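Architecture and fold: a report
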Amino acid sequence: MTAQVGTLEVVGLALFTLAVLHTFSTRYFEHLAHTRTAHAGLWHLLGEVETVFGLWAGVLLLFMALSHGWSASSAYLDNRTFTEPMFVFVIMVVAASRPVMQAASDAVAAVARLLPLQPAVAGYFLSLSLVPLLGSFITEPAAMTLAALMLRDRIFATRASRRLKYATLGVLFVNISVGGTLTNFAAPPILMVAAKWEWTTAFMLSAFGAKAALAVFVNAIALTLLFRRELSERAAPPAQETRARVPVALVVVNLAILAGVVLTNHDPEMFMGLFLLFLGLTEAYRRHHDRLLLREGLMVAFFLAGLIVLGGQQAWWLQGLLSRLEASTVFYGAAALTAITDNAALTYLGSLVEGVSADYKYSLVAGAVAGGGLTVIANAPNPAGFAILKNHFEDQSINAFGLFIAALPPTLVAIACFRG
């Protein structure tokens with residue numbers, strides 16, 4: 001530790017470490033909620049991954065208030081930027097609306113008819129390939145929401161095997177992280193460095209595009225082939241196909257709102273205004289809307305906000321570590337570090353290191369996105385997929401170690417593609 005490191009930084013690191021360990025222990029608390037019912041509510045709260053970082057962030061703020069005064073704690077919060085949690089909440093709710101899901105399902109079904117596969121199996125493959133790549137244009141959180149909902153209806157809501165569920169989750173998280181790299185605005189870890197390093201969409205296509213697309217398709221094809229027999233038996237058509245259709249005019253309006261939210265993702269005043277308009281339309285046309293994912297979206301936003309609060313105390317060791325890595329090793333270091341910290345925070349801290357080479361910049365970002373599926377905290381959209389799909393696992397909880405193991409093979413594919 002350097003002389004600049006004080007008690008607050010040490011406590012911040014300790015609480016961040018506890019929060020990471022807590023994410024790997026939520027399955028245990030969910031088990032307690034079902035076996036020790038006297039305190040089931042408390043165990044269930046501790047077993048909610050989305051509450052983990054928010055709870056430990058609260059402990060950090062309380063420590064700051066007691067040790068440095070309430071004004072210091074309040075000033076620390078004021079210096080954090082919470083635009084990303086707000087945006088993820090809004091885009092998750094809007095993208096999951098029935099009109100938007102109908103349009104997305106129709107598009108996937110149209111492409112699926114061109115593939116030499118059973119329609120339900122083709123839909124599964126496209127949910128893990130086409131939709132993640134679409135995230136480069138509608139943002140990764142929106143793509144995660146759409147893909148997770150499609151896969152929930154096709155696979156997770158059926159009696160699919162545990163192996164298929166975890167394998168699907170691992171590929172989904174990795175492909176979403178990788179699939180948003182075709183542009184300079186859709187993936188949080190790229191957005192953090194694009195302006196400073198002058199990375200344009202044209203640059204992203206040339207440096208990342210082909211490699212990212214190759215990784216996404218290899219992962220999706222391999223998983224579809226590996227589970228082709230079970231997919232043929234279990235895959236189901238999306239629920240929208242059996243329900244009354246939403247009028248085209250309402251679909252167009254909702255897609256326009258979604259596009260507006262994407263285009264104003266840096267301006268909370270703008271996208272929150274569009275969100276209020278969206279809520280008004282859902283109230284006016286209730287019969288064309290299902291239950292909105294408000295609770296799930298708020299929980300994900302709480303998770304990300306807690307990660308921002310705790311992550312703000314990690315710069316002293318993360319930036320120092322990144323500055324000591326050579327360009328040849330920063331790729332693998334970033335991929336490993338991403339598993340225990342948000343990849344957007346990682347690339348931002350790396351961008352503060354001055355005088356680095358173009359190879360260093362590429363390696364840092366490529367490693368961060370390659371490792372973005374290993375844990376729920378590795379990439380900002382991951383909690384959204386987690387919240388949508390977790391109830392279809394045993395004890396309504398996803399085992400963190402199981403996710404890591406499932407995401408490791410597609411992560412290695414992404415590493416091979418980006419380093420090739």
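Overview of the structure. (Residues numbered from 1 in each chain as written. Predicted model: local features only at pLDDT ≥ 70, side-chain atom pairs only at ≥ 80, totals over all residues. Heavy atoms only, no water.)

A tally of helices and strands in the protein chain yields 23 helices and 0 strands. Since a compact globule built from 420 residues should have a radius of gyration of about 22 Å, the 21 Å found for the protein chain is in line with a globular shape. Overall size of the protein chain, expressed as C-alpha extent along the three principal axes, is 65 × 55 × 45 Å. A buried classification covers 57% of the 420 residues belonging to the protein chain. Considering only contacts in the protein chain between residues 6 or more positions apart, those separated by 24 or more positions represent 80%. (Helix = DSSP H or I, 4+ residues; strand = E, 2+ residues; numbered from the N terminus. Rg over C-alpha atoms; globule rule 2.2 N^0.38 Å. Buried < 20%, exposed > 50% of the residue type's maximum accessible area, 1.4 Å probe, protein only. Contact = heavy atoms within 4.5 Å.)

Looking now at the packing of aromatic side chains. Taken as a whole and judged by the stated rule, the model has 16 aromatic pairs. Ring plane angle 70° and centroid distance 5.3 Å describe the contact between Phe89 and Phe275, whose orientation is recorded as edge-to-face. One end of the pair, Phe89, is in helix α6 (residues 83-95); the other, Phe275, is in helix α16 (residues 268-284), and 186 residues separate them in sequence. Comparing Phe89 with Phe275 shows no difference in burial state: the two are buried. Ring centres 6.1 Å apart and planes at 20° place the aromatic pair Phe275 and Phe278 in the stacked group. Placement of the pair is Phe275 and Phe278 together in helix α16, with a separation of 3 residues, close to one helical turn. Residue Phe278 is classed as buried on the basis of its relative accessible area of 0%. By way of ring pairs, the aromatic residues Trp197, Trp199, Phe203, Phe208, Tyr362 and Phe418 are connected into one cluster. The aromatic ring of Phe393 is capped on one face by Lys165, whose charged end is 6.0 Å from the ring centroid. Between Arg419 and the ring centre of Phe331, over which it is positioned, the NZ or CZ distance is 4.9 Å. (Phe/Tyr/Trp six-rings, centres within 6.5 Å; stacked < 30°, edge-to-face > 60°. Lys NZ or Arg CZ within 6 Å of the ring centre and 35° of its normal.)

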